[in-house]
Amino acid sequence: MKIGQKIFRLDTVDSTNNYAANLIKEGKIVHGTVILADEQTAGRGQRGAVWSSQAGENLLLSLYVVPDNLSVDLQVSLTHFASISVVELLRKIGICAEVKWPNDIYVNSKKIAGILIENILSSGKVSQTVIGIGLNVNQKNFELASATSIQHEKNDFYPIEQVLFQLINEFNIWWEILNNGELKSLRAFYLNNLYLLNKEADFEDEKGRFRGTIKGVSEVGFLLVEKLGELKKYDLKEIRFIGQNTF
Ligand code: BTN
């Protein structure tokens, strides 16, 4: 089944990812289902953060997909799939976006979208996954100065429904690539859109602050950073991005 053939539209929900998880438990969800909400009362971000969004202004959705044969070791491909889908949607709208590792979507150093992926693993495979995406569409004022939206970038109102269908279109394009096992092309595309790739920036690891250069991502998704002439591999909790040109 194609992605987006079944869509649940909700006015208010705690979190679209939670709603999807409940449908999974009840066995009432099929591959390709999209859950969309105007408002979330307990929107969740990465690492236990809260995802807040003004009611009716932005795209808040969860996509439920069942990969045909995706090994647990290569689950990072789902991050690539989701990030690329959003970057490509934005490119077609005329916004040049990049992926800040691992899966924040940035425009001119401001965050426009966040992604929260929750996988269900079984027998060494990703058997089901819920991909939650919060994409700022028409919100104008943000608590954080480092956030932006489509309207903010384009100076124009964008109907959420239109953005939704464009995103579903991207999902279908990139899902076929993922499900066909073309994971290398997916990773190459992700790398081509990686924020600060090959540019010097400031980071912090367990040994303290340092100036380094992102060189890429490993096959399983670690960030590869050149530090004092040596290539280091970092997992999410092992490195913090400080900024560019702060020295
Ligand atoms: C992040 O950048 O921290 C990830 C944010 C993910 C937010 C989306 S909004 C729709 C879906 N439901 C949630 O509770 N979270 C995700």
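The residue count restarts for each chain, going from 1 along the sequence in the order it is written. In keeping with the model being predicted, local features are shown solely for residues with a pLDDT of at least 70 and side-chain atom pairs are shown and tallied solely at 80 or more, while totals for entire chains, interfaces and linings include all residues. Side-chain figures throughout are based on the complete set of non-hydrogen atoms in the structure, without hydrogens or water.

Draft legend 1. Local environment of the pairing of strand β11 (residues 230-234). Direction of pairing for strand β10 (residues 223-227) relative to β11: antiparallel, over a ladder of 5 bridges. Across the sheet, E226 pairs through a bridge with L231, a residue of β11. DSSP calls a pair of strands paired once it identifies at least 2 bridges connecting them. The helix and strand labels rest on DSSP assignments: H or I over at least four residues marks a helix, E over at least two residues marks a strand, and numbering proceeds from the N terminus.

Draft legend 2. Seen up close, the sheet that holds β10. With respect to topology, 5 strands assemble into an open sheet ordered β11-β10-β9-β8-β12, the strand pairing being antiparallel. The open sheet terminates on both sides in strands that have one partner only, identified here as β11 and β12 (240-243). On average, each strand axis in the sheet is inclined to that of its neighbour by 50°, with strand direction left out of account. Axis geometry follows a simple rule: fit a line to the C-alpha atoms, using only the stretch in contact for helices, then measure angles between N-to-C directions, giving values from 0 to 180 degrees.

Draft legend 3. View of the pattern of salt bridges. A pairing counts as a salt bridge when a side-chain nitrogen of Lys or Arg comes within 4 Å of a carboxyl oxygen of Asp or Glu. Tallying each qualifying case throughout the model produces 10 salt bridges. In this structure, E170 engages K92 in a salt bridge whose closest nitrogen and oxygen atoms are separated by 2.7 Å. Separated by 78 residues along the polypeptide, E170 in helix α4 (residues 160-179) and K92 in helix α2 (residues 76-93) bring together distant segments of the chain. Exposure is judged per residue with a 1.4 Å probe applied to protein chains only, and the accessible area is read against the type maximum: over 50% gives exposed, under 20% gives buried, and values in between give partly exposed. Residue classification places K92 among the partly exposed residues on the basis of a relative accessible area of 44%. Of the charged contacts in the structure, one is a salt bridge between D104 and K111, with a shortest N-O distance of 2.9 Å.

Draft legend 4. Structural context of the site of the ligand. Residues are counted as near a molecule or strand when any one of their heavy atoms sits within 4 Å of it. Not every one of the 19 residues close to the ligand is listed here, only the nearest: S15, Q40, R44, Q46 and K111. Two N or O atoms count as a polar contact when they lie within 3.5 Å, although within protein this holds only if one can serve as hydrogen donor and the other as acceptor, and sequence-adjacent residues are included solely when both atoms are side-chain atoms. One of the side-chain N or O atoms of S15 is found 2.7 Å from an oxygen atom in the ligand. Here K111 contributes a side-chain N or O atom positioned 2.7 Å from an oxygen atom of the ligand. Protein contact buries 97% of the 420 Å² of open area that the ligand shows by itself. Cavities and pockets are defined on a 1 Å grid built over the protein atoms alone: a cavity is a set of grid points where a 1.4 Å probe fits but cannot escape, while a pocket is an open set with protein on both sides within 12 Å along at least five of seven lines, and lining residues are those with an atom within 4 Å of any such point. The way we define it, a molecule is inside a pocket or cavity when more than half of its atoms are within 2 Å of that pocket's grid points. At a threshold of 2 Å from the grid points, most atoms of the ligand map onto the largest pocket. Every element with two or more residues in the shell around the ligand is listed here: α1 (16-26), β3 (59-65), β6 (110-122) and β7 (125-135). For the accessible areas, the method is Shrake-Rupley and the probe is 1.4 Å, while residue cover comes only from the protein chains on display.

Draft legend 5. Up close: the nonpolar core. Remark: nonpolar core denotes a set of buried residues (Ala, Val, Leu, Ile, Met, Phe, Trp, Tyr, Cys) joined through side-chain atoms within 4.5 Å. In terms of nonpolar packing, the biggest core is built from 57 residues, with F81, I105, L135 and I150 touching the most fellow members. Only heavy atoms enter the contact rule, under which two residues are in contact if any of them lie within 4.5 Å. Once residues within four sequence positions are removed from consideration, I150 is found in contact with L90, I93, I95, I112, L135, N136, V137, N155, Y158 and V163. Within the second largest apolar cluster, 11 residues are counted, among which are A20, I24, I29 and V130.

Draft legend 6. View of the layout of surface pockets. Considering only enclosed or pocket space, the largest pocket measures out at about 1,000 Å³ in volume. Along the walls of the largest pocket sit 46 residues, with W51, D104, K111, G114 and L144 positioned nearest its centre. Contributing elements (two or more residues each) for the lining of the largest pocket: α1, β3, β5 (104-107), β6, β7 and β12. Here the lining of the largest pocket gets 4 residues from one element, more than from any other, and that element is β6. Residues of the lining of the largest pocket, tallied by class, amount to 22 nonpolar, 17 polar and 7 charged. Residue lining of the second largest pocket: 21 residues in total, with V76, T79, P102, D235 and L236 positioned closest to the centre. Mapped by element, the contributors of at least two residues to the lining of the second largest pocket are α2 and β6. The element contributing the most residues to the lining of the second largest pocket is β6, with 6 residues. Considering only residue class, the lining of the second largest pocket consists of 12 nonpolar, 6 polar and 3 charged. Grid points are joined across faces, edges and corners, and a volume is the space filled by probe spheres set on the points. Under the scheme applied here, ten amino acids are nonpolar (Ala, Val, Leu, Ile, Met, Phe, Trp, Tyr, Cys and Pro), four are charged (Asp, Glu, Lys and Arg), and all others, including Gly, are polar.

Draft legend 7. Spatial organisation of the sheet that holds β3. Pairing is mixed across the open sheet formed by 7 strands, whose spatial order is β1-β2-β3-β7-β6-β5-β4. At either margin of the open sheet sits one strand with a lone partner, and together these are β1 (7-13) and β4 (98-100). The average undirected angle you get between the axes of adjacent strands in this sheet is 25°. The sheet contact formed by β3 and β7 spans 7 bridges and is antiparallel. For L60, the partnering residue across the bridge sits in β7 and is G134. Contacting β3, β4, β5, β6 and β7, α2 runs over the sheet at an angle of about 30° to β7.

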